[in-house]
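# Notes for the structure review
One-letter residues, chain by chain:
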Amino acid sequence: MDFAQADALNQAIRLLSLRHRARAAALLTPLGLHTGQEALLLELARTGPMIQAQLSEALGCEPPSVTLMTRKLEASGHIRRVPTPADKRATVVELTESGRALTEQIKDLWMALAEETVTGLPPETVSALPELINTLTANVDSRRPRAAQNRSHLSPGPTSPASKADQAHPLSGTYEPSASAWVREHVEQIMRTGTTDGVTIKGLPTVLVTYRGAMSGKIRKTPLMRVEHEGHYAAVASQGGAPKNPQWYFSLLAEPLVEVQDGTASGVYRAREVFGEEKALWWRHAVDAYPDYADYQLRTERRIPVFVLEPADVEPAGGGSTDDGMAD
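Rules of the game
- Residues numbered from 1 in each chain as written.
- Predicted model: local features only at pLDDT ≥ 70, side-chain atom pairs only at ≥ 80, totals over all residues.
- Heavy atoms only, no water.
- Helix = DSSP H or I, 4+ residues; strand = E, 2+ residues; numbered from the N terminus.
- Buried < 20%, exposed > 50% of the residue type's maximum accessible area, 1.4 Å probe, protein only.
- Contact = heavy atoms within 4.5 Å.
- Pairing = 2+ DSSP bridges.
- Core = buried A, V, L, I, M, F, W, Y, C linked by side-chain atoms within 4.5 Å.
- Arc of directions from axis to C-beta.
- Axes fitted to C-alpha atoms, helices over the stretch in contact; angles between N-to-C directions.
- Nonpolar A, V, L, I, M, F, W, Y, C, P; charged D, E, K, R; others polar.
- Parallel < 35°, antiparallel > 145°, perpendicular 65-115°, else oblique.
- Left-handed = near helix turned anticlockwise from the far one by under 90°.
- Phe/Tyr/Trp six-rings, centres within 6.5 Å; stacked < 30°, edge-to-face > 60°.
- Patch = residues over 30% accessible without salt bridge, like charges linked within 9 Å, V, L, I, M, F, W, Y side chains within 5 Å.
- Areas by Shrake-Rupley, 256 points an atom, 1.4 Å probe, with all protein chains shown as cover.
- Salt bridge = Lys/Arg side-chain N within 4 Å of Asp/Glu carboxyl O.

This next bit is on the environment of Glu 176. Among the secondary structure elements, Glu 176 is positioned in the loop between helix 8 (161-166) and helix 9 (181-193). On the basis of relative accessibility, which here comes to 29%, the residue Glu 176 falls in the partly exposed class. Taking the C-alpha atoms as reference, Glu 176 lies 8.8 Å from Lys 221; in sequence the two are 45 residues apart.

Next comes the structure, spelled out in structure tokens:
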């Protein structure tokens, strides 16, 4: 890419960001909202009550910004904040009746803004835009270590000795426990005992998946149902049939190298989302291992994504990592 191309690209992205934000602000003003507040309300409408730390991660905002937004929205009567029963240090944020009514108005103007933004583009281009823009966002996310961003573009296959050494510890980083108390408890038990054998969900076995959070750049851990076939594993992004993908889904798209612990054995794997016949095959494996997946799909209009985790030619990190999401 030469300078003229780089300049044109950067200017186009900058202007789009400025114009889109200004247009959003103009639409939100009659509702008494500032930009950013609508995203918080929509997130609560999609997922239900959330801990503030989870909101921060989902919105890609720093915790102080989320705290400021929640205070203002609480003062307006659109949300309420209450201590969590399991952990009094954490605060759960939920919509009030006023907030739910306001969110319906936000959805209408959000649809209008999106349609206005993509005017003149063919439907196939519009369908591809979210994934394309998410890729651009991940590429310039300053909170993700640059080495991790570079690794996300590596393809499996032969590597030079230098590149293998660079991948020797792909999941090193700061360990930050999950905002969810029950996920923390499961992870802490696995780390304390050195095995996943004692941790089950509805009496069925789990594996521990370690990955890098797409927004925070930190290392996360979450227990998932054990779906194994011929040395490969499936990661099913069911979220119990919720209307939205779990946070770890986007993390695996951004950084596909993960570590899987099954019992006492650990290895590094590369996550690959599957589709079509391959997905149908792995979906059968998943339902055989955990029948509730079939019920989860009936609960949601979302097509539950499935990743296949394939062994990667990388040594396990063997160190601490962090806990980003909710177990399925």
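Turning our attention to the environment of Leu 204. With respect to the helices and strands, the residue Leu 204 is situated in strand 5 (residues 204-212). Considered as a pair, Leu 204 and Arg 226 are 22 residues apart in the sequence and their alpha carbons are 8.0 Å apart. When sequence neighbours within four positions are dropped, the list of residues in contact with Leu 204 reads Val 199, Met 225, Ala 289, Tyr 290 and Pro 291.

Counting buried residues in strand 6 (residues 219-225) gives seven out of seven residues, a clear majority hidden from the surface. Examined bridge by bridge, strand 5 and strand 6 share seven bridges and lie antiparallel to one another. Opposite Val 209, over in strand 6, you have Thr 222 as the bridge partner.

Residues other than glycine predominantly adopt negative phi, and peptide bonds predominantly adopt the trans conformation. Phi is positive for Lys 202, which is not a glycine, with a value near 55°. Inspection of the secondary structure puts Lys 202 in the loop between strand 4 (200-201) and strand 5. Positive phi, close to 50°, is recorded for Gln 239, a residue that is not glycine. Along the chain, Gln 239 falls in the loop between strand 8 (232-236) and helix 10 (247-254).

Turning our eyes to something else, we now look at the nonpolar core. In this structure, Leu 33, Leu 40, Leu 41, Leu 44, Leu 55, Ile 79 and Ile 106 are the most contacted members of the largest nonpolar core, which totals 19 residues. Listed by contribution, the elements that provide at least two residues to this core are helix 2 (37-47), helix 3 (52-59), helix 4 (63-75), strand 3 (91-95) and helix 5 (97-117). In terms of residues, this core owes the most to one element, helix 2, which gives four residues. In this view, Leu 33 contacts Leu 28, Leu 41, Leu 73, Leu 102 and Ile 106; residues no more than four positions away in its chain are not counted.

Among all positions of helix 12 (residues 292-299), only Asp 292, Tyr 293, Tyr 296 and Gln 297 are buried. Across the axial projection of helix 12, the buried residues extend over an arc of 145°, all falling on one side. As for helix 12, its buried residues are in contact with strand 6, strand 8 and helix 11 (276-289).

Our next topic: the packing of helix 11 against helix 12. Contact geometry of helix 11 with helix 12 gives a least axis separation of 6 Å together with a crossing angle of 115°. Residue-level inspection shows Trp 283, Ala 286 and Val 287 of helix 11 in contact with helix 12, the latter providing Tyr 293, Ala 294 and Gln 297. A breakdown of the residues in the contact of helix 11 with helix 12 according to their chemical character gives five nonpolar, one polar and no charged.

Before going further, it helps to examine the packing of helix 2 against helix 3. Two elements in contact, helix 2 and helix 3, have axes whose closest approach is 11 Å; the angle formed by their N-to-C orientations is 115°. One way to sum up the angle between helix 2 and helix 3 is to call them roughly perpendicular. Both helix 2 and helix 3 take part in a crossing whose hand is right-handed. Contacts from Ala 39, Leu 40, Glu 43 and Leu 44 in helix 2 reach Leu 55, Ala 58 and Leu 59 in helix 3. In terms of residue class, the contact of helix 2 with helix 3 is made up of six nonpolar, no polar and one charged.

This part is about the environment of Leu 31. With respect to the helices and strands, the residue Leu 31 is situated in the loop between helix 1 (3-28) and helix 2. In this structure the C-alpha to C-alpha distance between Leu 31 and Ile 106, which are 75 residues apart in sequence, comes to 8.4 Å. Each residue touching Leu 31, except ones within four places of it in the same chain, is listed here: Leu 102, Gln 105, Ile 106 and Leu 109.

On to the packing of aromatic side chains. Counted according to the given criterion, the structure contains eight aromatic pairs. Both rings, one in Tyr 233 and one in Tyr 269, keep their centres 5.6 Å apart while their planes meet at 85°; by these two values the pair is edge-to-face. Pair noted here: Tyr 233 is in strand 8 and Tyr 269 is in strand 10 (residues 265-273), with a separation of 36 residues, a long-range link. Each member of the pair, Tyr 233 together with Tyr 269, is buried. Ring centres of Trp 248 and Phe 307 lie 6.2 Å apart, and the angle between their planes is 50°; on these two criteria the pair is classed as tilted. Placement of Trp 248 in helix 10 and of Phe 307 in strand 11 (residues 306-311) is noted, with a sequence separation of 59 residues between them. Look at Trp 248 and you get buried, because its relative accessible area is 1%. Residue class for Phe 307 comes out buried when judged on its relative accessible area of 1%.

What follows is about a nonpolar patch on the surface. Together, Met 1, Leu 9, Ile 13, Leu 132, Ile 133 and Leu 136 line one region of the surface with nonpolar side chains, adding up to about 600 Å² of accessible area. Examining the composition of the nonpolar patch, we find that three residues originate from one element, helix 6 (residues 123-139), more than from any other. Examined against the element boundaries, Met 1 turns out to sit in the segment before helix 1.

What follows concerns the pattern of salt bridges. Close approach of charged atoms allows side chains of opposite charge to pair. Tallied over the entire structure, the rule returns eleven salt bridges. Where Arg 46 meets Glu 43, a salt bridge forms, and the shortest distance between an N and an O atom there is 3.0 Å. Placement of both Arg 46 and Glu 43 in helix 2 is noted, with a separation of three residues, approximately one turn of the helix. The class of Arg 46 is partly exposed, set by a relative accessible area of 39%. Of the residues examined, Glu 43 reaches a relative accessible area of 3% and is grouped as buried. Two residues, Glu 278 and Arg 272, come together in a salt bridge whose shortest N-O distance is 2.8 Å. Residue Glu 278 is classed as partly exposed on the basis of its relative accessible area, which comes to 30%. A relative accessible area of 31% places Arg 272 in the partly exposed class. Connected via shared salt-bridge partners are Glu 43, Arg 46 and Lys 244.

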